[in-house]
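Here's the letter readout for the chains.
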Amino acid sequence: MTPKRGTADLGRAHVFLTGATGFVGQAVLERLLSAHPETTISILVRTKAGEDTRARVAELLTKPVFQSWRDKVGDAAVEKAARERVQIVEGSMGSIPALPKDLDVVIHSASIVSFDPPIDEAFDTNVNGAVNLYERLLEAGGDPRVVHVSTCYVGGMRKGVAPEARLAHDVDWRAEYAAAKAARGRAEILSRDPDRLRGFMDAALAQHGKEGPQSVARASEEARLAWVTAELVDAGRTRALSLGWTDVYTLTKAFSERAAEELWGENGHRLSIVRPAIIESALKHPFPGWIDGFKVADPLIIAYGRGQLPEFPGLPDSILDIIPVDYVVNAILAAAANPAVRDKPEYYHVASGASNPLPFHQEFEYVNRYFLEHPMKNRKGEDQAVPTWRFPVGNKFENDVKRKEKLAVRVERLLGHLPDTERVRRWHNQMIRNVADLETLRNFTQLYRVYVRTEIIFDDRNLRALHNALPAAKRAEFGFDIAAIDWEDYMMNVHFPAITALTEEFSAKRAAKKAADAAASPRSDVIAPGSGVLAVFDLEGTVVDSNIVQQYLWVRSAGMRKAAYPGQALAILGSVRSYLRAERRDRGEFIRSFLRRYEGMPAARLDRIVHGGYADTMYRHTSPEAIKTIKAHRDAGHRTVLVTGSIETLAEPLAGLFDEVVGGHMDEKDGVLTGYLAKPPLVDEARAAWLRRYAEEHGLDLAVSYGYGDSHADLVWLELLGNPHAVNPDIRLAREAQRRNWKIDTWKRGNRSPKRDVMDGKALQADRA
């Protein structure tokens, strides 16, 4: 135990600090610099090749946590302290260099911040990092007193009072570490099993087949890598649960403690293990509400304020064990100033549950009241209403979420088979938001289960003894009297305002970045004059409200007796199912299959039909917005190209609007169409390859060029252009366009003939020639 009479002074100690750029590490470094002026601090910093380490430190000292100290002493004093008192040790927890022998204090606060990382990553950072540290300390030959920062939740899934003591388990952490290291290799091998690879390929083909084989291959490999990560995450979660821990984070933190004990604290040296609970914003120092990004409880609070959590499955009497970060820092430094006895590690729970408990239902009342008094804004700029939680018992909540997720999947699948109309796209967008909200609910449930359903109380007798051992005159500034915290005042006037302000700051930064990006790049909805600019228009579904099936029917209706037309239409209907299957697999396959219907037609007859009644029908289906946009590009001096996956002949009625029409050609034998294409259709990746070559041959800059397409198959060539437009997009293209912030246009069906525009275009072409 800590002696009754302690100190808050570290004197002229040489302190080695890991995790200096993290939340707790920043606060420890600030406290050392501002309140312990005679200390020298060595910090472990990971640097990039060629990076100036001093510049990295200077950047670190500009963070808000140092601002109060900077305001007090001035910039010159801060720079002087950085030069004279802060030393850089270049490395990482996975690669710690040789350490100096003259270290007096070591504060190990580095840790992985995720609760559910892949098992090998969790062990590498939390376990192997600690092993590396203590091995380097042993090699240095010194005898510093070590403060090892852990977490209260290392005890695993338990009920009742958790003592401030060595963890009671006999798990072989070295064997577990070796197994975790080998897990990735096993997962990589399993991911390459032929049956599993076929599953990845089949799923990729179903989702990306229309984009082309390389897109399918990329998606298949991405799915394999995602599977490996998911397997490693599941391996960590499952192994932790099987050993009695809540997750791989707490499991590896427990093993990290055992490594510290065996390698240092029970091996002839002095070790103090500080276990904080849920660390949140500062109560007093460096200023009330200081926080560096969202911490454990904050996403839950903000999600509630945004109306995203209609209910939550916590135990109302569970203790939400929150502790302000400045209390944690003071406890760490007090433990460093009052070291443990050699070979007898000491343990401190920096927690509130024993001395000043905050039940979950009380925290909810504070949150509810705060957002009723200070509502957040919804997408429409209106005050966001917040729900009242009833804390459902058992698994009712999780089962309800699963049921809604299954329903959402079925609805999304159904929407995928509906026509691509503006209304269907609105329904789909709403469904995407609903699915995202359900994912938020599920993620929050998994993440916070351990914190809002726990029945553990963390004993804090050692911590209280350490606080009471500090000189009375120092306790107000350097102490950590948990019982003195007024939770209502802290939550309502310090913490909630701090994290809502952080949310607004993040939103403002995102808006500013979006505005800056928009200002730095040409607006896709503004057609600016310029040379070397290409405007590519897809024909079917974009410029013309039709597809190759409708075009065929137009040809037949304009070139045969009316009595024969219904028979052709019925014949096509009989093959619709096979055509749809082909189109979903590969657009090129569908085009080849359907164009077989032209077999036996004289080429001259098709040409007469196209320039006769077929042209009039096409004009009626041509979008006025398309014509307006094409003319705007032409007036701006852009090169305009119409591209079709079908044959050029069927696009000829609109040729006068463009500088060039690019499409396929039917094979002929003795002037009769054979039903075969002369070369592969210009779709998906083939169109992307054509576009790159075309731009190179004509000296065009794709980065400032424009593209207009309607189908998911157009994605691979649209993404090559600086100004892609999704026109009346199908659901998959609409989803990608929204994700990438592309312009989405809604062009209506034609209501007037563009024949005059076509004639004007031909005249313009003649003038250019």
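Anyway, here's the lowdown on the structure attached to this text. Predicted model only: the values in this text are computed from it and were never measured.

Regarding its fold elements, the protein presents 27 helices and 19 strands. Counting only residues that meet the buried cut, the protein has 52% of its 769 residues in that class. When contacts within the protein are restricted to residue pairs at least 6 apart in sequence, those whose partners lie at least 24 apart make up 78%. Only carbon and sulfur atoms are counted for the fraction: they give 51% of the accessible area of the protein, which is about 35,400 Å².

Here we come to the pattern of salt bridges. Oppositely charged side chains are able to pair whenever their charged atoms sit close together. In this structure the tally under the stated criterion is 35 salt bridges. For E455, the salt bridge is made with K159, and the minimal N-O distance between the two is 3.7 Å. Of this pair, E455 sits in strand β11 (residues 455–458) while K159 sits in strand β6 (residues 159–162), placing them 296 residues apart in sequence. Among the residues examined, E455 registers a relative accessible area of 44% and is labelled partly exposed. Each of R166, R258, E261 and E266 takes part in salt bridges that share partners, so that together they form one network.

So, about the side chain of D326. Structurally, D326 can be placed in helix α11 (residues 325–337). Although buried, D326 forms no salt bridge, and the nearest oppositely charged side chain, K284, lies 7.0 Å from it. Within the local environment of D326, its side chain forms a polar contact with the backbone nitrogen of K284, the two atoms lying 2.7 Å apart. Not counting the four nearest positions on each side in its chain, D326 is found in contact with A282, L283, K284 and H285.

A few words now on the environment of M491. Mapped onto the elements of the fold, M491 is located in helix α17 (residues 487–520). In contact with M491, not counting residues within four places along its chain, are I322, L358, E363, Y366, F496 and P497.

To continue, consider the sheet that holds strand β3 (residues 86–90). Reading across the sheet, the seven strands line up as β3-β2-β1-β4-β5-β7-β10 and stay open at both edges, with parallel pairing between neighbours. Bordering the open sheet on either side are β3 and β10 (346–350), each of which pairs with just one other strand. The average undirected angle you get between the axes of adjacent strands in this sheet is 20°. Bridge count between strand β7 (residues 271–276) and β10: five bridges; the pairing is parallel. Bridging across to β10, V274 finds its partner in Y348. Here α11 sits on the sheet and contacts β4 (105–108), β5 (145–149), β7 and β10; the angle it forms with β5, its principal contact strand, is near 155°.

Okay, the packing of aromatic side chains next. Counting across every chain of the model gives 27 aromatic pairs. Between W245 and F255, the aromatic rings sit 6.0 Å apart at their centres with planes inclined by 65°, giving edge-to-face as the arrangement. Separated by ten residues along the polypeptide, W245 in the loop between α8 (213–243) and α9 (248–265) and F255 in helix α9 bring together distant segments of the chain. The exposure classification of W245 matches that of F255, with both residues buried. By the ring-pair criterion, three or more aromatic residues cluster together here, those being Y304, F360, F364, Y370, F371, W389, F391 and F496.

Between helix α6 (residues 173–191) and α8, the least distance of the axes is 9 Å, while the angle of their chain directions is 145°. In the crossing of α6 with α8, the sense of the turn from one axis to the other is right-handed. Along its contact with α6, which presents E176, A183, R184, A187, E188, L190 and S191, the element α8 presents R224, W227, V228, L232, R239 and L243. Considered class by class, the residues forming the contact of α6 with α8 number seven nonpolar, one polar and five charged.

On to unusual backbone geometry. Note that the residue after H285, namely P286, is joined by a cis bond; omega there is 5°. Even without glycine at this site, D670 takes up a positive phi of about 55°. Assignment of secondary structure puts D670 in the loop between β15 (666–669) and β16 (672–677). You can call D670 exposed: its relative accessible area is 75%.

This paragraph deals with helix α23 (residues 624–635). With twelve residues, α23 extends 16 Å from end C-alpha to end C-alpha; this agrees with the ideal 16 Å at 1.5 Å per step. Those residues of α23 not exposed but buried are A626, I627, T629, I630, H633 and R634. Viewed end-on, α23 has its buried residues packed into an arc of 165°, placing them on one side of the element. Opposite the buried face of α23, by more than 90 degrees, sit the exposed residues K628 and D635. Looking one or two residues past α23, G637 carries a phi angle of roughly 85°, positive in sign.

What follows deals with the nonpolar core. Formed by 106 residues in total, the largest nonpolar core has its most connected members in V28, I43, I107, I332 and W389. If we ignore the near neighbours within four places in the chain, the residues touching V28 are L17, I107, V329, I332 and L333. Formed by 45 residues, the second largest nonpolar core is a distinct cluster that contains W554, F594, A603 and L606.

Before going further, it helps to examine the pairing of strand β2 (residues 40–45). Taken across its six residues, β2 has five buried, putting it largely inside the fold. Here four bridges tie strand β1 (residues 14–18) to β2, and the two strands are oriented parallel to one another. Considered in β2, the bridge of L17 is made with I43. This β-α-β element, β1 to helix α1 (residues 23–35) to β2, shows right-handed connectivity. Both β2 and β3 contribute to a ladder of five bridges, which runs parallel. When the bridges of β3 are listed, I41 appears paired with V86.

Below, the discussion takes up the environment of F16. Take F16: it is sitting in strand β1. On the basis of relative accessibility, which here comes to 1%, the residue F16 falls in the buried class. F16 sits 26 residues away from S42 along the chain, and the two C-alpha atoms are 4.7 Å apart.

What follows concerns a positive patch on the surface. Positive charge collects at one region of the surface, where K402, K406, R410 and R413 lie side by side. The residue R410 is located in helix α13 (residues 396–415) in this model.

Moving on, we get to the side chain of S109. Mapped onto the secondary structure, S109 falls in the loop between β4 and α5 (119–140). Within the structure, the side chain of S109 is placed 2.6 Å from the backbone oxygen of T18, a separation counted as a polar contact. Apart from residues lying up to four places away in sequence, S109 is in contact with L17, T18, G19, G25 and V149.

Further remarks concern α11. Compared with an ideal rise of 1.5 Å per residue, which puts 13 residues at 18 Å, α11 spans 19 Å between its outermost C-alpha atoms and is within 8% of the ideal. The buried fraction of α11 amounts to 13 of the 13 residues, a majority that puts the element mostly inside the structure.

Okay, the environment of A498 next. In this structure, A498 sits in helix α17. Spatially, the C-alpha atoms of A498 and I291 are 7.5 Å apart, while their sequence positions differ by 207 residues.

This paragraph deals with the sheet that holds strand β14 (residues 660–664). As summarised here, the arrangement of the six strands in space is β14-β13-β12-β17-β18-β19, forming an open sheet in which the pairing is parallel. Because the sheet does not close on itself, it has two edges, and the strands there are β14 and β19 (743–745). For this sheet the average axis-to-axis angle between neighbouring strands, irrespective of direction, equals 20°. The sheet contact formed by strand β13 (residues 639–647) and β14 spans four bridges and is parallel. Its bridge partner being in β14, V641 is matched across the sheet by E660.

We now examine the packing of helix α10 (residues 298–305) against helix α12 (residues 360–373). In the contact formed by α10 and α12, the axes pass within 10 Å of each other and the chain directions differ by 45°. Put simply, α10 runs oblique to α12. Handedness of the crossing formed by α10 with α12: right-handed. Seen from α10, the contacting residues are I301, Y304 and G305; seen from α12, they are E363, F364, V367, N368 and F371. The residue makeup of the contact of α10 with α12, split by class, is five nonpolar, two polar and one charged.

So, how was this worked out
- Residues numbered from 1 in each chain as written.
- Predicted model: local features only at pLDDT ≥ 70, side-chain atom pairs only at ≥ 80, totals over all residues.
- Heavy atoms only, no water.
- Helix = DSSP H or I, 4+ residues; strand = E, 2+ residues; numbered from the N terminus.
- Buried < 20%, exposed > 50% of the residue type's maximum accessible area, 1.4 Å probe, protein only.
- Contact = heavy atoms within 4.5 Å.
- Areas by Shrake-Rupley, 256 points an atom, 1.4 Å probe, with all protein chains shown as cover.
- Salt bridge = Lys/Arg side-chain N within 4 Å of Asp/Glu carboxyl O.
- Lys, Arg positive; Asp, Glu negative; His and termini not counted.
- Polar contact = N/O pair within 3.5 Å; in protein donor to acceptor, adjacent residues only side chain to side chain.
- Pairing = 2+ DSSP bridges.
- Axes fitted to C-alpha atoms, helices over the stretch in contact; angles between N-to-C directions.
- Phe/Tyr/Trp six-rings, centres within 6.5 Å; stacked < 30°, edge-to-face > 60°.
- Left-handed = near helix turned anticlockwise from the far one by under 90°.
- Nonpolar A, V, L, I, M, F, W, Y, C, P; charged D, E, K, R; others polar.
- Expected span 1.5 Å × (residues − 1).
- Arc of directions from axis to C-beta.
- Core = buried A, V, L, I, M, F, W, Y, C linked by side-chain atoms within 4.5 Å.
- Right-handed = clockwise from strand over helix to strand, strands pointing away.
- Patch = residues over 30% accessible without salt bridge, like charges linked within 9 Å, V, L, I, M, F, W, Y side chains within 5 Å.
- Charge placed at Lys NZ, Arg CZ, Asp CG, Glu CD.
- Parallel < 35°, antiparallel > 145°, perpendicular 65-115°, else oblique.

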